[in-house]
Amino acid sequence: MDLKKKANAQNVVKGLLITSVIFFHALMFPALPNTESVLTDFNILFLLFPFLMMVFFFYAGYNYTPEKRTPWQNIKRRSAQLLIPLVCAFILSTGLIFAIRLSTGESMEALVNGVIYSLLSEPLSIMIGFPSNGVLNFDMKLALGLLWFLYALYIVSIVFFLIVDYTIKKPTRLISIIFICLLTAFSIGQFIGTYLPYTVQCYPVALAIMLLAAYLKQFNFLDQKVENKKDLGLLITNTLVAEVIIVGIGLFGYFAYGSTMIGSLPGGMFNSVLKGYDAFIAFIMGILGTFVVHQMSRLICLIPFVSYILDWYGQHSSLVYLLHPICLTFIHYVIFRGKIVLGGFQPYLYVFMTIAILVVLFLFIDWIILKIKSKKHLAEAN
């Protein structure tokens, strides 16, 4: 039995996880203005899959090809991949959120303050006493605050490209550098803060995950061949064991310390109860969690129609990540007028409507691209 290739599996994972991200953010709108409750309330979804963002860091390291390019070529390439979308996403998000919120009666001054608040990052805004205007800050924080992943990945990638070839050549080097990264993250979280400007507390953890992923790629960690029933049984067993460890850590953290979402790095922050220790947990969950969801997606890839849909949707995960806050804001403030009328069902409806809007948009974009390519091929043929 030969399971699908990693590209398809990774796209399926991205499709599944980005939907979970939408759900997580959809939960925040009915909780306004007390969005912190989403982070502190127990939620079975976050217990099973607390490692959402670490998977994307893991893939960034796992997809690295050693010595294919020089470090500076990789940095230049990553700059084009991330900085251009970062600027475009900022302009687009700001413009659309402005249009949506102005139509609901918000003032221009309040919107500008929301942008400044988000640009400073929430921790820095709080530190310097920049005025907070509650709900509106959440609108901008969700749309612009999500950009933390792009600039975090960019900053971490620069360091990654400079040291990865040297690091993964010897296990002793890898272990030493990962230890330094995690010790640095632990010290920051334990003695400086769990939620710092521009999410700097999570950078060492992300770097450690990316380096280990690049090393594990040499052993085909995620995509080992499954040639018979014995191999398939072993794969399923390993996946279940990894998930049991993840759930066990989550339950222990909740019942022993009253801490939720440990190891998940929501917005890049460490758990306020566990502080620096959460860096080690996030690292473990990032590795095990990626293994779990990747193997699940390999099995899903055996189902042709389902895997095709998720693969296509996952290919657009970057746009989903950047655009879904705008959709959620539009749905909540324009369609529902900022009111909760369906109780606990409303976040689920937000997710469904957001995905529907984005799917229609992506179908239109793909149709335009297909038309352009067809005209180009026709012109070349003539």
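Residues numbered from 1 in each chain as written. Predicted model: local features only at pLDDT ≥ 70, side-chain atom pairs only at ≥ 80, totals over all residues. Heavy atoms only, no water.

*Asks:* Mind laying out a nonpolar patch on the surface, listing which residues take part and the relevant values?
*Replies:* A cluster of nonpolar side chains, namely Ile 236, Leu 240, Leu 299, Leu 302, Ile 303, Phe 305, Val 306, Tyr 308 and Ile 309, defines an oily patch on the protein surface of about 850 Å² accessible area. Put simply, the parts of the chain that give the nonpolar patch at least two residues each are helix H13 (229–257) and helix H15 (304–315). Inspection of the secondary structure puts Ile 236 in helix H13. (Patch = residues over 30% accessible without salt bridge, like charges linked within 9 Å, V, L, I, M, F, W, Y side chains within 5 Å. Areas by Shrake-Rupley, 256 points an atom, 1.4 Å probe, with all protein chains shown as cover. Salt bridge = Lys/Arg side-chain N within 4 Å of Asp/Glu carboxyl O. Helix = DSSP H or I, 4+ residues; strand = E, 2+ residues; numbered from the N terminus.)

*Asks:* Lay out the confidence of the model for the protein with the relevant residues and their values.
*Replies:* The predicted coordinates ought not to be read in detail in places where the model reports low pLDDT. In this model, the protein carries a mean pLDDT of 88, and residues with pLDDT of at least 70 account for 95%. Within the model, pLDDT remains below 50 along residues 1–7, and this stretch shows 16 contacts once partners closer than five positions in the same chain are excluded. (pLDDT = per-residue confidence, 0-100. Contact = heavy atoms within 4.5 Å.)

*Asks:* Let's hear about the packing of helix H6 (residues 71–103) against helix H7 (residues 108–120): which residues, and what values?
*Replies:* Two packed helices can be described by the angle between their axes and the distance between those axes. Between H6 and H7, whose axes approach to 10 Å, the crossing angle comes to 150°. For the crossing formed where H6 meets H7, the hand is right-handed. In contact with Phe 90, Thr 94, Phe 98, Arg 101 and Leu 102 of H6, H7 contributes Met 108, Leu 111, Val 112, Val 115 and Leu 119. When its residues are assigned to classes, the contact of H6 with H7 shows eight nonpolar, one polar and one charged. (Axes fitted to C-alpha atoms, helices over the stretch in contact; angles between N-to-C directions. Left-handed = near helix turned anticlockwise from the far one by under 90°. Nonpolar A, V, L, I, M, F, W, Y, C, P; charged D, E, K, R; others polar.)

*Asks:* Any details on the packing of helix H5 (residues 52–62) against helix H12 (residues 203–217)? Residues and values, ideally.
*Replies:* H12 packs onto H5 with a crossing angle of 45° between their chain directions and a minimal axis gap of 7 Å. Our classification of the angle between H5 and H12 gives oblique. Taken as a pair, H5 and H12 cross one another with a handedness that is right-handed. Here Met 54, Phe 57, Phe 58, Ala 60, Gly 61 and Tyr 62 of H5 lie close against H12, whose contacting residues are Ala 206, Ile 209, Met 210, Ala 213, Ala 214, Leu 216 and Lys 217. Counted by class, the contact of H5 with H12 contains 11 nonpolar, one polar and one charged residues. (Parallel < 35°, antiparallel > 145°, perpendicular 65-115°, else oblique.)

*Asks:* Account for H7, with residues named and values stated.
*Replies:* An α-helix turns once every 3.6 residues. As a result, residues three or four positions apart point the same way. Under the 1.5 Å per step criterion, the end-to-end length of H7 is 18 Å for 13 residues, consistent within 8% with the ideal 18 Å. For H7, the set of buried residues is Ala 110, Leu 111, Gly 114, Val 115, Tyr 117 and Ser 118. Down the axis of H7, the smallest arc covering the buried residues is 160°, so these residues share one side. The positive-phi residue at the C-terminal boundary of H7 is Ser 121, with phi of around 80°. (Expected span 1.5 Å × (residues − 1). Buried < 20%, exposed > 50% of the residue type's maximum accessible area, 1.4 Å probe, protein only. Arc of directions from axis to C-beta.)

*Asks:* Tell me what's going on with unusual backbone geometry, and back it up with residues and numbers.
*Replies:* The phi angle of most residues is negative, glycine excepted, and most peptide bonds adopt the trans form. Backbone geometry at Asn 220 places phi at a positive 55°, although glycine is not the residue there. Here Asn 220 lies in the loop between H12 and H13.

*Asks:* An account of the side chain of Gln 295 is needed here, citing residue identities and associated values.
*Replies:* Relative to the helices and strands, Gln 295 is located in helix H14 (residues 277–300). At a separation of 3.0 Å, a polar atom in the side chain of Gln 295 contacts the side chain of Arg 298. When near neighbours in sequence (up to four residues on either side) are disregarded, Gln 295 contacts Phe 221, Leu 222, Leu 235 and Thr 239. (Polar contact = N/O pair within 3.5 Å; in protein donor to acceptor, adjacent residues only side chain to side chain.)

*Asks:* Mind laying out the pattern of salt bridges, listing which residues take part and the relevant values?
*Replies:* If you walk through the whole model with that rule in mind, you get two salt bridges. Notably, a salt bridge pairs Lys 169 with Glu 67, separated by 3.4 Å at the nearest N-O pair. Taken together, the positions of Lys 169 in the loop between helix H10 (148–167) and helix H11 (171–192) and Glu 67 in the loop between H5 and H6 put the pair 102 residues apart, joining distant regions of the chain. Here Lys 169 falls in the exposed class, since its relative accessible area comes to 55%. Glu 106 serves as the salt-bridge partner of Arg 101, at 3.1 Å between the closest nitrogen and oxygen. You can call Arg 101 buried: its relative accessible area is 4%. Judged by relative accessible area, which is 29%, Glu 106 ranks as partly exposed.

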